[in-house]
Each structure stands twice: as C-alpha cells, then as structure tokens.
Amino acid sequence: MKTFHESQRLPLRRVGVALAIPPCGMLALLIWQVALGHTSTVHNWGTHPMSNGSVIGWTVFLWIVYFPLITVRLVTDVGDGKLVVALRGFWRVRRVSREEIRSAEVIRFDPERDYGGYGIRSTRKEKAYLAANDRGVRVTLEGGAVMVVGSQRAEELAGSLRN
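Residues numbered from 1 in each chain as written. Predicted model: local features only at pLDDT ≥ 70, side-chain atom pairs only at ≥ 80, totals over all residues. Heavy atoms only, no water.

### What about a nonpolar patch on the surface?
A surface patch of nonpolar side chains, about 310 Å² in accessible area, is lined by Val34, Ile56, Val60 and Ile64. When residues in the nonpolar patch are grouped by element, the largest group, 3 residues, is from helix H2 (residues 52-70). Assignment of secondary structure puts Val34 in helix H1 (residues 13-35). (Patch = residues over 30% accessible without salt bridge, like charges linked within 9 Å, V, L, I, M, F, W, Y side chains within 5 Å. Areas by Shrake-Rupley, 256 points an atom, 1.4 Å probe, with all protein chains shown as cover. Salt bridge = Lys/Arg side-chain N within 4 Å of Asp/Glu carboxyl O. Helix = DSSP H or I, 4+ residues; strand = E, 2+ residues; numbered from the N terminus.)

### Here's the deal with the packing of aromatic side chains
Applying the stated rule across the entire model yields 5 aromatic pairs. Centre to centre, the rings of Trp63 and Phe67 are 5.5 Å apart; their planes meet at 35°, and the pair counts as tilted. Placement of the pair is Trp63 and Phe67 together in helix H2, with a separation of 4 residues, close to one helical turn. In this structure Phe67 comes out as partly exposed when scored by relative accessible area, which is 45%. (Phe/Tyr/Trp six-rings, centres within 6.5 Å; stacked < 30°, edge-to-face > 60°. Buried < 20%, exposed > 50% of the residue type's maximum accessible area, 1.4 Å probe, protein only.)

In structure tokens form, the structure reads like this:
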C-alpha cells in the first residue's frame, strides 16, 4: 500500500528546444526530399545523398527518441516497506528498503549551484534525484550514504519515510 506518491516534470525550457532541432531538421529534409521530390545533389549539398528510405527512417527514429526525452518525470513512491525513486522515460530506478533509512530531513537547495542541474546528479557526498523545485528530503542511509529526493511536498515525503 502506497503512503506517498508524487510525479514531477523536469524543466525543459532551453533543453527542450535544443532537443527538438535534430528531429525538426530531419522533418524539413523529409518534406524537401521525399514530399517535394528534390534531391540534395541538385543543390550541391553533397555527393552522396540519403535515400528516401533513409530520410524517412532517420526522421522516425529521431522523433521516437525525442518524445520520451521531453516527457521524463521524477516519480517518488513510498509504500510496501520501501522508497522507490524513478526517472520515468529512462530506465533508472532506485529502491531503498525502509530498514536502510536512518533519517529523513526536509531541506532547501539550489539545483543548479548545488548539484549542476536536474535529473540524477551525484556529488562527492550524496546522490540527488531532482525535478522542478528547490525543496526536497535528505535521506541518510545505513553505512552513511546520503540521497536527496526533490519534492514539491517535502514535509509529507519526510513524514512518510519516518513512519
């Protein structure tokens, strides 16, 4: 039974635009070459033009890669005797049993300055799982390992880990 669940989107302001450049460029090439019937050798773009099949294949591939990247979410669940932190859209999942948790404290941080951004970040002292805010829970594990879980409901997350 879950005692806590939260799903947060990662901020994709500039990164989302940068990630869109390759699939949009291939889409433009697809329209130019396949739909309009132009070839790159006519306009001296190169001596080895891509076949229509390659242009279509690469366009589809880049869009298939792009959509999961812009829909990545940080999902945090507490229940069934464990804490589960996952970046949905990637295959990264961290599971920690409640017996391993020694303390959970609410903290404030600057994601850019303290950890270098959002997502899964590591420093010498701790591993951080961060999404779109400046609050979270610092979880100290047995053996001294520390992880930070970003949360918009940090007090509720910390409380569910302490129970």
